[in-house]
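# Observations on the three-dimensional arrangement
Next come the chains, spelled out residue by residue.
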Amino acid sequence: MCDYSLHSVKSRPAKVGDKLTTRKLGTSTRGSAASEDANLAVCLLPGTELSFASEVTCAPRLLGWSQKVINYKTAIFRQINQDQKMTHHDALEFPDGRIVLLTTLCEGQQATVLQLPAEPKTAVEAQSRRRAAYIG
């Protein structure tokens, strides 16, 4: 399942080896699009490991500000602020512990899915990996 803002967009789950591109996906929200179809959102599970083709850049917060460069090419997909409804939850955690919302990434960045998370072994693990609920 993708972030709540992408529920009206065609999507599929991620697979190891997928080539992804950050794009606006028919909404004002940026997400991970399939390389074979720019209009197909690829939904990541929390714990999915990604490798970017170059250092990650984030869009400026205000017009006239410069892009923020994150000096890493690997990240782990996370969901944050799950207790808050109607807000973005999809995020990337970088090796230095920094967490950045996926929707703030600049468009056109290329990433590869390196590894999907292991299947949960207990009910507690399964609950901790649940995606934020969609409230429509």
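Look above for the structure.
Okay, so let's go over this structure.

Conventions and cut-offs
- Residues numbered from 1 in each chain as written.
- Predicted model: local features only at pLDDT ≥ 70, side-chain atom pairs only at ≥ 80, totals over all residues.
- Heavy atoms only, no water.
- Helix = DSSP H or I, 4+ residues; strand = E, 2+ residues; numbered from the N terminus.
- Contact = heavy atoms within 4.5 Å.
- Polar contact = N/O pair within 3.5 Å; in protein donor to acceptor, adjacent residues only side chain to side chain.
- 1 Å grid on protein atoms, 1.4 Å probe; cavity = no way out; pocket = protein on both sides within 12 Å on 5 of 7 lines; lining within 4 Å.
- Points joined across faces, edges and corners; volume = space filled by probe spheres on them.
- Nonpolar A, V, L, I, M, F, W, Y, C, P; charged D, E, K, R; others polar.
- Salt bridge = Lys/Arg side-chain N within 4 Å of Asp/Glu carboxyl O.

## Thoughts on the environment of E93
Considering the arrangement of structural elements, one finds E93 in strand β9 (residues 90–93). Considered as a pair, E93 and R78 are 15 residues apart in the sequence and their alpha carbons are 6.7 Å apart. Beyond its immediate sequence surroundings of up to four residues, E93 is in contact with A75, I76, R78, R98 and I99. Within the structure, E93 has its side chain in polar contact with the side chain of R78 (distance 2.7 Å).

## Quick notes on the layout of surface pockets
The calculated volume of the largest pocket comes to roughly 230 Å³. Lining the largest pocket are 11 residues, and of these C58, A59, R61, K68 and T104 lie nearest its centre. It is strand β10 (residues 99–101) that provides the largest number of residues to the lining of the largest pocket, a total of 3 residues. Counted by class, the lining of the largest pocket contains 7 nonpolar, 2 polar and 2 charged residues.

## Quick word on the pattern of salt bridges
Counted under the stated rule, the structure contains 5 salt bridges. We note a salt bridge from D37 to K10, for which the minimum N-O separation is 2.9 Å. Taken together, the positions of D37 in strand β4 (residues 37–43) and K10 in the segment before β1 (11–13) put the pair 27 residues apart, joining distant regions of the chain. Among the salt bridges present, the one from E36 reaches R12, with a minimum N-O distance of 3.3 Å. Here R12 lies in strand β1 and E36 lies in the loop between β3 (30–34) and β4, a separation of 24 residues in the sequence. Residues participating in the shared-partner salt-bridge network are R12, D18 and E36.

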